[in-house]
Amino acid sequence: MRASGELCEIEVEGSRVPWLVLARDVPALARAARRPAPSHGTTLLSPFDSLLWYRDRVARLFGFDYRIQVYTPGPKRLHGYYTLPILHDGHLIGRVDAKAHRTEGRLDARGVHFEPWFAGGGTPPTGRDVVDRDAALGGLADALRSLASFVGASAVTIDRVTPGRLRSPLARAVRGAV
């Protein structure tokens, strides 16, 4: 495909290896590079979202090591049974282990795990500007309320948050989103 011109080699900032793209996608990539910000807002991703299909690429581009752990014995799980990655303004900032308690009408965020760079207020692995933590927590609160509504729950509870110092601000944001 390289010889026929269907594939082009490109450089990705921060990567030491060449990347291959379809030649027909080069104009769209160039347009995306000119945008001031790749995306806005916060959402919870399914573990099967196409963004996560190639785990090594996600680790190289976002510094986000994600493995679904449904087949891992409970005591060996790092982040929970079925964690949902948190995408905020184009950055993967953490993950949520959420469980719907339908009979109680409650969504329980059993574990919220933020990436160390986000928790420390540092620069994301993508090299772009520092993420506004308050906006991210507010966005996560909205995303949790949306998921709660989707599963028929009217309340959201927050259990463990890593690091623990972000539990109170997240819980306040969730209460404020009601």
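Note: the structure precedes this text.
Below is a short write-up of the structure. Because the structure is a prediction, the values reported are computed rather than measured. (Residues numbered from 1 in each chain as written. Predicted model: local features only at pLDDT ≥ 70, side-chain atom pairs only at ≥ 80, totals over all residues. Heavy atoms only, no water.)

1. A short note on the overall build of the protein chain
For the protein chain, the helix and strand inventory stands at five helices and seven strands. Along the chain direction, N to C, the helices and strands of the protein chain fall in the order β-β-α-β-α-β-β-β-α-α-β-α. Overall, the protein chain is about 60 × 35 × 30 Å in size when its C-alpha atoms are taken along their principal axes. Within the protein chain, the fraction of its 178 residues that count as buried is 36%. The contacts in the protein chain between residues at least 6 apart in sequence include a share of 51% that link residues at least 24 apart. Carbon and sulfur atoms make up 53% of the accessible area of the protein chain, which amounts to about 10600 Å² in all. The average position of the 25 basic charges and that of the 18 acidic charges among the side chains of the protein chain differ by 5 Å. (Helix = DSSP H or I, 4+ residues; strand = E, 2+ residues; numbered from the N terminus. Buried < 20%, exposed > 50% of the residue type's maximum accessible area, 1.4 Å probe, protein only. Contact = heavy atoms within 4.5 Å. Areas by Shrake-Rupley, 256 points an atom, 1.4 Å probe, with all protein chains shown as cover. Lys, Arg positive; Asp, Glu negative; His and termini not counted. Charge placed at Lys NZ, Arg CZ, Asp CG, Glu CD.)

2. Brief notes about unusual backbone geometry
The omega torsion across Thr162 and Pro163 is 0°, close enough to zero to call that bond cis. As for its placement among the helices and strands, Pro163 is situated in the loop between strand S7 (155–162) and helix H5 (167–176). One non-glycine residue, Asp89, lies in positive phi territory at about 45°.

3. What to know about the sheet that holds strand S3 (residues 42–44)
Ordered in space as S3-S4-S5-S6-S7, the five strands form an open sheet in which the pairing is mixed. Unpaired on one side and paired on the other, S3 and S7 mark the two borders of the sheet. The average undirected angle you get between the axes of adjacent strands in this sheet is 25°. Sheet strands touched by helix H4 (residues 133–150): S3, strand S4 (83–88), strand S5 (91–101), strand S6 (106–114) and S7. Its angle to S3, the strand with the most contacts, is close to 45°. (Pairing = 2+ DSSP bridges. Axes fitted to C-alpha atoms, helices over the stretch in contact; angles between N-to-C directions.)

4. Observations concerning H4
It helps to recall that an α-helix has 3.6 residues per turn; residues three or four apart then point in one direction. Between its terminal C-alpha atoms H4 stretches 25 Å, which fits the 26 Å expected from 18 residues at 1.5 Å a residue. All of the buried residues in H4 are Ala136, Leu137, Gly139, Leu140, Ala141, Ala143, Leu144, Leu147 and Ala148. Put simply, Asp132 is the residue that caps the front of H4, since its side-chain oxygen is 3.1 Å from the backbone nitrogen of Asp134. (Expected span 1.5 Å × (residues − 1). Polar contact = N/O pair within 3.5 Å; in protein donor to acceptor, adjacent residues only side chain to side chain.)

5. Focus on the pattern of salt bridges
Tallied over the full model, the rule gives six salt bridges. Across the salt bridge formed by Glu115 and Arg95, the nearest N and O atoms sit 2.6 Å from each other. Placement of Glu115 in the loop between S6 and helix H3 (116–119) and of Arg95 in strand S5 is noted, with a sequence separation of 20 residues between them. There is no split in this pair, since Glu115 and Arg95 are both buried. The residue Asp97 makes a salt bridge to Arg110 at a minimum N-O spacing of 3.3 Å. With a gap of 13 residues between them, Asp97 in strand S5 and Arg110 in strand S6 connect regions that are remote in the sequence. Look at the salt bridges and you will find they share partners, linking Glu104, Arg106 and Asp108 into a network. (Salt bridge = Lys/Arg side-chain N within 4 Å of Asp/Glu carboxyl O.)

6. Quick look at the packing of H4 against H5
H5 packs onto H4 with a crossing angle of 55° between their chain directions and a minimal axis gap of 8 Å. Viewed along their axes, H4 and H5 adopt a mutual orientation that is oblique. You can see that H4 and H5 cross each other, and the crossing is right-handed. Side by side, H4 and H5 meet where Leu137, Gly138, Leu140, Ala141, Leu144 and Arg145 of the first sit next to Pro169, Leu170, Ala173 and Val174 of the second. (Parallel < 35°, antiparallel > 145°, perpendicular 65-115°, else oblique. Left-handed = near helix turned anticlockwise from the far one by under 90°.)

7. Examining the side chain of Thr83
Relative to the helices and strands, Thr83 resides in strand S4. Sequence-distant contacts of Thr83, that is, excluding residues within four places in its chain, are made with Pro47, Tyr66, Arg95, Val96 and Asp97.

All we've got here are geometric facts, nothing functional implied.
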